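So the chains spell out like this:
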Amino acid sequence: MTAQAIPSAIGTGLTSTPVPFPSRSAAETARDLHTDILDGLSGADVAERLARDGPNTLAKAASASALKILLHQFQSLMVVLLIAACGVALALGERIEAAAILVVILLNAAIGFVTEWKAAAALDGLRKQAVSLARVVRDGRDRQVETADLVAGDVVLLSEGDRVHADGRVVEQARLQVDEAALTGESLPVAKSADPVLDAGAALGDRTSMVHRSTAVTAGRGRFIVTATGSRTEIGRIGALIAGVAAHGTPLEAKLAQLSRALLVIVLALCLVIILVGWLRGNALLYMVEVGISLAVAAVPEGLLAVTTMTLAIGMQRMARMNALVRRLPAVESLGSTTVICTDKTGTLTRNEMTVRAYDVAARRYEVTGAGYAAPGGFSLDGEAVDIGHDEPLGLALRIGALCNDARVDRSGEVATALGDPTEAALIVAAEKAGLDLADLARAYPRIAEIPFDSDTKLMVTVHATPEGTHVAYVKGAPAEVLKASVSALGADRTCRCPRPTERGSRRRTRHWRPRRCASSGWPIACCPTGSSRRISRATSPSSALSGRPTRCGTASRQPSPSAARRESARS
């Protein structure tokens, strides 16, 4: 898609010059939208723009009225044939036949009307209850407002787990990652940046300086300036394209219509043949017309419509018991007619949950039981349960995974959900299975600095104060990068070994390292060392604020001061 221009994106006409928001700096975006990055808009500006541009809502199809739903029950060709047959039978004096056909027609209409009306009412009720809020900065204060009241130029705050309710230009971020699967189909979160995108014509998925409506924040925090609201957002344009597509009937409706047309042709043909043959044999023409019409009425299968409607109604009720609402009765059959489903895997066919299956620590392999984000589970070594309290190396690995971590597992609902990166959430759950209290860990080892994970370094570093009054750096990242920054490893005898490797030696050790072989089976792997080393600091930052003398097996000879660590975290 082409870059957005202010008039087409927000409809304010603030400037006539096309401005590709992804390629402009944060200051330029704020200037063009007449807003302030720190203080946001004033109340008067918000009221003026809201009156001019309208609410931040997507165009919705008008809800069908009860009369429209009722009339829809009489639009199929089969129903039209039955109505015609009923009228003819009544005209011929066959009142019982006419009454039977009329009962079938009314029964079909009643069942279809009641089920579709109840489904429409339930959907309308859900829409009214779904009131979403957004954190904005207005008049220099942080406040919550309804998302419908967002306007172009609003400064919106994002944090982990939030939904994005408008398109906007990122002006501040800290490890901000956004799930854009609903918009681009990309299952992996996209890292956002406040830096302008150099390519003014970048595709939607490459606009790393922009966030878009209907996406979700999976990690980090940020601040963005709203550039488009309502139907002017990217998701709004997609909705407009979808709304322009003509509606098609379900496969069942198409087959019933085909059957009705075939019956109509056959019945009319037989009627004409019977009338012609009877007249040629000397019968009165009027008499033969009555006989032919009576046979035509009898040939219409009035029971087919009743059976079809009852079957669909039963299917609709079963789906409702499984918390699935169907707006139109014939749509129930569509699922049964589906032959190919094209879908994204992560979070759709799978649960988008990661689970730690094993730890390789000190040349030992510990198996982990349990699945998903459920807390029940345990550790075993060679089939025997492990006491974490008496296994210091495993306890250290679990502590590193829990502390060098920005995820959180929310257990307030019926199902536990991960707020943040699924891999980090899996490490949190593994620590809980071992009986570690995360709150106690955070108090005993408070974080004083960090270097966020970076796709280039493939490492995350956090610095913590220890109960002994010293400081320790915990590292989590790709095994190859961690090994390059390591000077020793814990052996089976619980002693330190492996001198500082050369670059070639590091690659050789990575190739023969046991977790590397786990990767060949399709398992993602992570490495969790401890300590502070010059190689880690060089891998994560140009400066050496986190550097110190190389450590051995997690005991640092000299640790960085808290102030130096904070300066390093700010620079990185």
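Higher on the page you've got the structure.
Notes on the structure follow. Computed from a predicted model, the values in this text were never measured in an experiment. (Residues numbered from 1 in each chain as written. Predicted model: local features only at pLDDT ≥ 70, side-chain atom pairs only at ≥ 80, totals over all residues. Heavy atoms only, no water.)

## Considerations on the overall build of the protein chain
- A count of helices and strands for the protein chain gives 21 helices and 18 strands.
- Out of the 572 residues in the protein chain, the part that is buried amounts to 40%.
- For the protein chain, the proportion of contacts with a sequence separation of at least 24, taken over those separated by at least 6, is 61%.
- Of the roughly 30200 Å² of accessible surface on the protein chain, a fraction of 58% belongs to carbon and sulfur atoms. (Helix = DSSP H or I, 4+ residues; strand = E, 2+ residues; numbered from the N terminus. Buried < 20%, exposed > 50% of the residue type's maximum accessible area, 1.4 Å probe, protein only. Contact = heavy atoms within 4.5 Å. Areas by Shrake-Rupley, 256 points an atom, 1.4 Å probe, with all protein chains shown as cover.)

## So, unusual backbone geometry
- We note that Ser-214 has phi near 75°; this positive angle belongs to a residue other than glycine.
- Ser-214 sits in the partly exposed class, given a relative accessible area of 23%.
- Positive phi is not limited to glycine here, since Ala-362 has a value of about 50°.
- Mapping Ala-362 onto the fold places it in the loop between strand E8 (358-361) and strand E9 (364-368).
- Among the residues examined, Ala-362 registers a relative accessible area of 8% and is labelled buried.

## A closer look at the pairing of strand E16 (residues 471-477)
- For E16, the tally of buried residues reaches 7 of 7 residues, placing the bulk of the element in the interior.
- Inspection of the sheet shows strand E15 (residues 459-465) paired to E16 by 7 bridges, in the antiparallel sense. Following the sheet pairing, Met-460 is matched in E16 by Lys-476. (Pairing = 2+ DSSP bridges.)

## Here's the deal with the packing of helix H14 (residues 392-403) against helix H15 (residues 422-433)
- The interhelical angle for the contact between H14 and H15, taken along N-to-C directions, is 135°, at an axis separation of 8 Å. On the basis of the axis angle, H14 is oblique to H15. Crossing of H14 over H15 shows left-handed handedness. For the pair H14 and H15, the contacting residues are Leu-398, Gly-401 and Ala-402 in the first and Leu-427, Ile-428, Ala-430 and Ala-431 in the second. (Axes fitted to C-alpha atoms, helices over the stretch in contact; angles between N-to-C directions. Parallel < 35°, antiparallel > 145°, perpendicular 65-115°, else oblique. Left-handed = near helix turned anticlockwise from the far one by under 90°.)

## A few points about the pairing of strand E7 (residues 216-228)
- Burial analysis of E7 places 12 of its 13 residues in the buried class, which makes it a mostly covered element.
- Inspection of the sheet shows strand E3 (residues 155-158) paired to E7 by 4 bridges, in the antiparallel sense. The residue of E7 that forms the bridge with Val-156 is Phe-224.
- Two elements, strand E4 (residues 167-179) and E7, share 10 bridges in a ladder whose sense is antiparallel. Residue pairing in the sheet places Val-178 in a bridge with Val-217 of E7.

## Some points on the sheet that holds E16
- Taken together, 3 strands build an open sheet; the order of strands is E14-E15-E16 and the sheet is antiparallel. Strand pairing shows two members of the sheet lacking a second neighbour, strand E14 (447-451) and E16, which therefore form its edges. Here the strands of the sheet are splayed against their neighbours by 20° on average, with no regard to which way each runs.
- Against the sheet, H14 engages E14, E15 and E16, with an angle of about 80° to E16.

## Some points on the side chain of Ser-486
- Of note, Ser-486 is situated in the loop between helix H17 (479-484) and strand E17 (489-490).
- For Ser-486, a relative accessible area of 12% translates into the label buried.
- Of note is the side chain of Ser-486, whose polar atom sits 2.6 Å from the backbone oxygen of Val-482. (Polar contact = N/O pair within 3.5 Å; in protein donor to acceptor, adjacent residues only side chain to side chain.)

## Quick word on the packing of helix H9 (residues 251-280) against helix H10 (residues 285-299)
- Put simply, H9 and H10 touch, their axes get as near as 9 Å, and they point 150° apart. Of the possible angle classes, the one that applies to H9 and H10 is roughly antiparallel. Where H9 crosses over H10, the two elements pack in a sense that is right-handed. Across the interface between the two elements, Val-267, Cys-271, Ile-274, Ile-275, Gly-278 and Trp-279 from H9 touch Leu-285, Met-288, Val-289, Val-291, Gly-292, Ile-293, Leu-295, Ala-296 and Ala-299 from H10.
- Split by residue class, the contact of H9 with H10 holds 13 nonpolar, 2 polar and no charged. (Nonpolar A, V, L, I, M, F, W, Y, C, P; charged D, E, K, R; others polar.)

That is the geometry; function is a separate question.
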